[in-house]
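# An overview of the molecular structure
Listed here are the chains, written in short residue letters.
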Amino acid sequence: MRPLVSWMTKSDPALLEFFEETGIAMPPAVVSYNIDGVSHPTVKRRLPVLEDHGLLQKVDADRGYYRITDRGRAYLEGDLESEDLESS
């Protein structure tokens, strides 16, 4: 089971799932255009937070592209405990 910890929102798992399913790096505008139920302002606000906690990686700082990390995949697979997420 995937834990939701204090810094996470209910949209975070959906964002990570979208990155995992597509398998490509994307900027916030592309994510928000293609994902249902998560607004563009939310995507722009949440991607840096997911990066700060090691679940996403910014791969092009100039254009703002992100991709999922191995840690993000471990979260989706249920391999991270709440303590692992809180301490990052």
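Rules behind the numbers
Residues numbered from 1 in each chain as written. Predicted model: local features only at pLDDT ≥ 70, side-chain atom pairs only at ≥ 80, totals over all residues. Heavy atoms only, no water. Helix = DSSP H or I, 4+ residues; strand = E, 2+ residues; numbered from the N terminus. Rg over C-alpha atoms; globule rule 2.2 N^0.38 Å. Expected span 1.5 Å × (residues − 1). Contact = heavy atoms within 4.5 Å. Patch = residues over 30% accessible without salt bridge, like charges linked within 9 Å, V, L, I, M, F, W, Y side chains within 5 Å. Areas by Shrake-Rupley, 256 points an atom, 1.4 Å probe, with all protein chains shown as cover. Salt bridge = Lys/Arg side-chain N within 4 Å of Asp/Glu carboxyl O. Lys, Arg positive; Asp, Glu negative; His and termini not counted. Charge placed at Lys NZ, Arg CZ, Asp CG, Glu CD. Polar contact = N/O pair within 3.5 Å; in protein donor to acceptor, adjacent residues only side chain to side chain. Buried < 20%, exposed > 50% of the residue type's maximum accessible area, 1.4 Å probe, protein only. Pairing = 2+ DSSP bridges.

### With respect to the overall build of the protein chain
Regarding its fold elements, the protein chain presents five helices and two strands. Reading the protein chain from its N end, one meets helices and strands in the order α-α-α-β-β-α-α. By the compact-globule yardstick of 12 Å for 88 residues, the protein chain fits well, its C-alpha radius of gyration being 12 Å. Once the C-alpha set of the protein chain is aligned to its principal axes, its extents read approximately 30 × 25 × 20 Å.

### Overview of helix α1 (residues 11-22)
The first and last C-alpha atoms of α1 sit 17 Å apart over 12 residues, in line with the 16 Å expected at 1.5 Å per residue. Of the surrounding secondary structure, the elements contacted by the buried residues of α1 are α2 (28-34), α3 (40-52), β1 (56-60), β2 (65-68) and α4 (70-76). Looking one or two residues past α1, G23 carries a phi angle of roughly 70°, positive in sign.

### Some remarks on a negative patch on the surface
Where like charges cluster on the molecular surface, the negative patch consists of E77, D79, E81, E83, D84 and E86. Following the sequence through the fold, D79 ends up in the loop between α4 and α5 (82-86).

### Details of the side chain of D12
Position of D12 relative to the elements: it lies in helix α1. Looking at D12, its side chain comes within polar contact range of the side chain of R46, at 2.7 Å. Once residues lying within four places of it in the same chain are set aside, the contact partners of D12 are W7, R46 and L50.

### Digging into the pattern of salt bridges
Within this structure, the stated rule accounts for four salt bridges. Residues D70 and R73 are paired through a salt bridge, measuring 3.2 Å at the closest nitrogen-oxygen approach. Residue D70 and its partner R73 are both found in helix α4; the two are separated by three residues, about one turn of the helix. Accessibility expressed as a relative area gives 62% for D70, which makes it exposed. Several salt bridges converge on common partners, so that one network encompasses E20, D70 and R73.

### Considering the pairing of β1
As paired elements, β1 and β2 share four bridges and run antiparallel to each other. Each bridged residue has a counterpart across the sheet, and for Q57 the counterpart in β2 is R67.

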